[in-house]
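Breakdown of the fold
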Amino acid sequence: MNAVDVRDLTVAYHEKPVLWDIDLEVPHGVLMAVVGPNGAGKTTLIKAILGLIKPAAGEVLVDGEPYHRQRDRVAYVPQRGSVDWDFPTNVLDVVTMGLYGRLGWIRRPKQEHRALALEALRKVDMESFAKRQISQLSGGQQQRVFLARALVQDADVYFMDEPFQGVDAVTERSIIELLRALRSAGKTVVVVHHDLQTVPEYFDQVLLLNVRRIASGPVDEVFTEENLRTTYGGRIGFMSLVRERSRAATPEAER
Amino acid sequence: MTPEQIEIQLVACAVAAACALPGAFLILRKMAMMSDAISHAILPGIVVAFFLVGELHSPWLIVGAAIAGLATVVLVESISATRLVKEDAAIGLVFPVLFSVGVLLIARYAGDIHLDTDAVLTGELAFAPFDRLTVGGVDLGPKALVTMLAIGVANLVFILSFYKELKLATFDAGLAASLGFMPAALHYILMGLVSVTAVGAFDAVGSILVVALMIGPPACAYLLTDRMALMMVLSVGFGLLAAISGYWVAHWLDASIAGCMATVVGVVFLIVVALAPDRGLVSILRRQTRQRWAFAEKMLTIHLRQHEGLPEESRENRSAHLQEHLRWQADFAVDVVQRAVEDGFVVERGGFLFLTDAGRALASEAVVDA
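Residues numbered from 1 in each chain as written. Chains lettered and ligands numbered in written order. Predicted model: local features only at pLDDT ≥ 70, side-chain atom pairs only at ≥ 80, totals over all residues. Heavy atoms only, no water.

1. Observations regarding the confidence of the model for chain A
Scored by pLDDT, chain A has a mean of 87; 91% of the residues are at 70 or more. Here helix 10 (residues 238-249) of chain A stands out as the element of chain A with the lowest mean pLDDT, 52, in contrast to helix 2 (residues 91-96) of chain A, whose mean of 95 is the highest. (pLDDT = per-residue confidence, 0-100. Helix = DSSP H or I, 4+ residues; strand = E, 2+ residues; numbered from the N terminus.)

Below you can see the structure in the form of structure tokens.
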């Protein structure tokens, strides 16, 4: 059984399909990148999987069951820019929001929940920022707060929308370490990703998306020049990227 | 104070507190103008409900208003969802139409009863004590007071019960939805509360003051705190302040109570904008000035440090030289030197400047930082 099964998923805005008949299998315990040009429907796919957008057709199964019955096993990291960082609250409070699903309606977070949130902040090296007002964070720090909020959910499947967007190299490093640690713990992580260069290094599975599914599967098999060209319509120079890749894949002695 | 004066102030306080609670969420959700739209657009709902039940103080009027308020929200959202106009324009399109329909209905069919358009805009708080609620011969107080207390308590109970859910849905609707908290449902319940609060309040104080009390106090509170819970409390506090001081200003000027309360809200907001710690204009100005002086002192120490112990020191590190070298105005240079001496970064001996240890530390720290 797969961690996530998407079958015949179609999403349309006013009759115009933004996702067309998507089939996707995400195996357990993988890091999967979702790549594609702007407007390919990457964010829409994640939102449709999470039920934030109503699909025109198709179904989504998490561990063989519909998403709404598996809610507490799925964590979501939205794009950093999707919330108002001037909202009057602090870092610890935002991370504690990750536990609201487990708390259910009405029940309030208690000391034990704040302790869990602090623990998650420690994992992203943000413990000392717990009481900081969220408007005082840099982009990378905001991203790490969102990651901590997902970690505290202790889910089995993580969906992340561009967690590397606008973060510096050091933060990117520490985020990828975190994702690898999740994978080692048997979690499944699906990441909308923009930087094609780092796909082979960071991920073991990839979905190439442009309204339709172009290809998905292990990076070695589907992250090919031909598939990339189909996905991006020849709009960027992958030649250099793919050449670099094949050079990296070739053992020193053969060069 | 006469009993009437006390009752008028109590009504004003009940209105202010009841308005401030949902108003704080309007501010946080960047929907302040929605209060304007709702408080006007509920009029046709009230009028139609009045035609149906034929009684001016029936609770059905509140139901009618709530439906009209929700219809306003739905209309505004569906017009802006077409992406043909932005949300602010959609608001500007919807509520004048609905309000005008209400006004026309009153003018055409209800001209002879007490449902006039002046009362709609400004209300009349001064008459509140004369319209009393009696149950079984027992006087429970002014009707407006009882109504607004009930609405205020309903708002408070709802917000206290669903505080966590409302906070999450307001900050991150996407996460709220993915966790199953139905942010859309919460949104419409909240808008329903805004509508009910608006109708209750505008009977007493008119639609202009409804907007002032829903937006002004929470806007002040938003500038003063980084904690949402405290913002709610402060919003109510500012509302009560405006209610009571507005009443006494009106008493003193012998003018409309609602008008004076709305004016006080504006004045209080101006004071908060000017004086709020951290975010206020005065504090921003002071911070900028402080940073300017600190930067100038830093530049001075760096300049002195660079020439320290070198042959040109006697030429470069003279007070009189700063003017041309750092391109500072003469009096500014004197001020900077004086501040640097006071702060213990520099000592002046016979027209020459020398760094202290602290000054040297500041200079090297500044260079490393850069």
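2. Concerning the sheet that holds strand 7 (residues 157-161) of chain A
Residues and elements named next belong to chain A. One open sheet accounts for 6 strands, arranged 6-7-8-3-9-10; its pairing is mixed. Every other strand in the sheet has two partners, leaving strand 6 (74-77) and strand 10 (212-218) as the edge strands with one partner each. When the angles between neighbouring strand axes are averaged without regard to direction, this sheet yields 15°. Pairing between strand 6 and strand 7: 4 bridges, direction parallel. Following the sheet pairing, Val 77 is matched in strand 7 by Met 160. Across the sheet, helix 1 (residues 42-49) lies against strand 3 (31-35), strand 6, strand 7, strand 8 (188-192) and strand 9 (205-210), angled at about 145° from strand 7, the strand it touches most. Lying on the sheet, helix 5 (residues 139-151) is in contact with strand 6 and strand 7; it crosses strand 6 at an angle near 170°. (Pairing = 2+ DSSP bridges. Axes fitted to C-alpha atoms, helices over the stretch in contact; angles between N-to-C directions. Contact = heavy atoms within 4.5 Å.)

3. A closer look at the packing of aromatic side chains
Under the defined criterion, the tally for this structure stands at 12 aromatic pairs over all chains. Plain terms: the ring middles of Phe87(A) and Phe171(B) are 5.4 Å apart, the flat faces sit at 55° to each other, and that makes the pair tilted. With Phe87(A) in the loop between strand 6 and helix 2 and Phe171(B) in helix 7 (residues 163-171), this pair bridges two chains. Across the pair, Phe171(B) and Phe87(A) agree in class, each one buried. By way of ring pairs, the aromatic residues Trp85(A), Phe87(A), Phe146(A) and Phe171(B) are connected into one cluster. The lysine or arginine in question, Lys164(B), covers the ring of Tyr100(A), its NZ or CZ lying 5.5 Å from the ring centre. The ring of Trp293(B) has Arg292(B) lying over it, and the distance from NZ or CZ to the ring centre is 5.8 Å. (Phe/Tyr/Trp six-rings, centres within 6.5 Å; stacked < 30°, edge-to-face > 60°. Buried < 20%, exposed > 50% of the residue type's maximum accessible area, 1.4 Å probe, protein only. Lys NZ or Arg CZ within 6 Å of the ring centre and 35° of its normal.)

4. Quick word on the interface of chain A and chain B
On the chain B side, the residues contacting the 29 residues of chain A number 29 residues. Buried area between chain A and chain B, summed over both chains or domains, comes out near 2,600 Å², and the portion from carbon and sulfur atoms is 65%. Among the residues chain A hides against chain B, the three largest losses belong to Phe87(A), Pro88(A) and Trp105(A). Together they make up 27% of the total. Taken together, the connections running from chain A to chain B amount to 3 salt bridges. The partner of Arg149(A) in a salt bridge is Asp172(B), with the nearest N and O atoms 2.7 Å apart. Between chain A and chain B we count 11 residue pairs in polar contact (both at pLDDT 80 or more) in total. The set of elements that each furnish at least two residues to the side of chain A that touches chain B consists of helix 2, helix 3 (100-103) and helix 5 of chain A. No other element matches the 3 residues that helix 3 of chain A contributes to the side of chain A that touches chain B. Residues of the side of chain A that touches chain B, tallied by class, amount to 16 nonpolar, 6 polar and 7 charged. (Buried area = accessible area lost by both parts, 1.4 Å probe. Salt bridge = Lys/Arg side-chain N within 4 Å of Asp/Glu carboxyl O. Polar contact = N/O pair within 3.5 Å; in protein donor to acceptor, adjacent residues only side chain to side chain. Nonpolar A, V, L, I, M, F, W, Y, C, P; charged D, E, K, R; others polar.)

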